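# Survey of secondary and tertiary structure
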Amino acid sequence: MSEDAAPQPERLEGAPHPRDTARLIGQDAAQQVFVDAFNTGRLHHAWMLTGPRGVGKATLAWQIARFLLATPAPDPDAMFADPPPETLDIPTDHPVSLRIASGGEGRIRNVTRTINPDTKKLRKEIVADDIRALNGFFQMSAPDGGYRVVIIDDADLMNTTAANALLKMLEEPPARALLILISHQPSGLLPTIRSRCRTLPLRTLDAGEVAQGECAGRQHRCARSTFGRLCGRGNAPFLAGWRGALCRTRVAAGHPSPHGPGPCPQAGRARRRARR
């Protein structure tokens, strides 16, 4: 099952996936809190993003992950150090942004509800196996010695066993790892989990900001529709190049090619259609 076809419980219907949302509306203060913590070297190992549904918690989580993987840690002793970052913004053509967009960034894990292998249906909760699978992820070293980031969306859906498994990780946090918990109702989480996270509340949006978000969603859907038309028979060379680049990006990030060894067969089929 492709990533687009797979159920995505953290994605609101009609809206772009949080990792693809280019702009976070109305949450400048929350963004600045994280930037200040990063610049002062007081970055907590676990953050809990709270607030009502639809205010941008998941979008902020992906922005934080993109920023953290793309921005070198501040070095106060460096003579010619770059000025400290002022925002979480990372260019869309940055290698980290491209890998995240393609699903090929190996330093991020997104924990959501998964498919039950017995019923073949989406589970109603995050189970312990979903959390314990992070042990192997944390045992791997980041290729550049930087951070590894886990986004749990949403933490309210963890069952008791999963919550206890996460609590153990919070009590003994892995080195150079950041956990981001998204919670709509933090009061329902274990108090011991809440106490081990730095809470970052996101405010409710006003009517004008909600309208901006809806406009951005329409623009995203229009862009996807335009991309689909570009991938028609007359544009098969473009489609071939895009699919081949996507496969190469995933392999370069350490993921196995979805088509096995050798060139991308989807790109090959597109090239053959172009020659007809």
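Further remarks concern the packing of aromatic side chains. Inspection of the entire model under this criterion finds four aromatic pairs. Ring geometry for phenylalanine 34 and phenylalanine 67: centres 6.4 Å apart, planes at 85 degrees, overall edge-to-face. Of this pair, phenylalanine 34 sits in helix α1 (residues 28-39) while phenylalanine 67 sits in helix α2 (residues 57-70), placing them 33 residues apart in sequence. Residue classification places phenylalanine 67 among the buried residues on the basis of a relative accessible area of 1%. Taking 5.5 Å as the distance between ring centres and 45 degrees as the angle between the ring planes, the aromatic pair formed by phenylalanine 137 and phenylalanine 138 counts as tilted. Each member of the pair, phenylalanine 137 as well as phenylalanine 138, is classed as buried.

As enumerated under the stated definition, the model contains five salt bridges in all. By sharing partners, the salt bridges in this structure join Arg99, Glu105 and Arg107 into a single network.

Turning our attention to helix α6 (residues 160-171). For α6, spanning 12 residues, the distance from its first C-alpha to its last is 16 Å, which sits close to the expected 16 Å at 1.5 Å a residue. Where α6 is buried, its residues contact β1 (46-50), α4 (128-132), α5 (134-139), β3 (148-153), β4 (177-183) and α7 (191-195).

Here the focus is the nonpolar core. Ranked by internal contacts, the top residues of the largest apolar core, which has 34 residues, are Phe34, Leu43, Leu60, Val149, Ile151, Leu178 and Ile180. Sorting the residues of this core by element identifies α1, β1, α2, α3 (95-102), β3 and β4 as the ones contributing at least two each. Among the elements that make up this core, the one with the highest residue count is α2 (10 residues). Setting aside its immediate chain neighbours within four residues, valine 149 contacts Ala65, Leu68, Leu69, Arg107, Ile108, Arg109, Phe137, Leu178 and Ile180.

Reading the values: the criteria
- Residues numbered from 1 in each chain as written.
- Predicted model: local features only at pLDDT ≥ 70, side-chain atom pairs only at ≥ 80, totals over all residues.
- Heavy atoms only, no water.
- Phe/Tyr/Trp six-rings, centres within 6.5 Å; stacked < 30°, edge-to-face > 60°.
- Helix = DSSP H or I, 4+ residues; strand = E, 2+ residues; numbered from the N terminus.
- Buried < 20%, exposed > 50% of the residue type's maximum accessible area, 1.4 Å probe, protein only.
- Salt bridge = Lys/Arg side-chain N within 4 Å of Asp/Glu carboxyl O.
- Expected span 1.5 Å × (residues − 1).
- Contact = heavy atoms within 4.5 Å.
- Core = buried A, V, L, I, M, F, W, Y, C linked by side-chain atoms within 4.5 Å.

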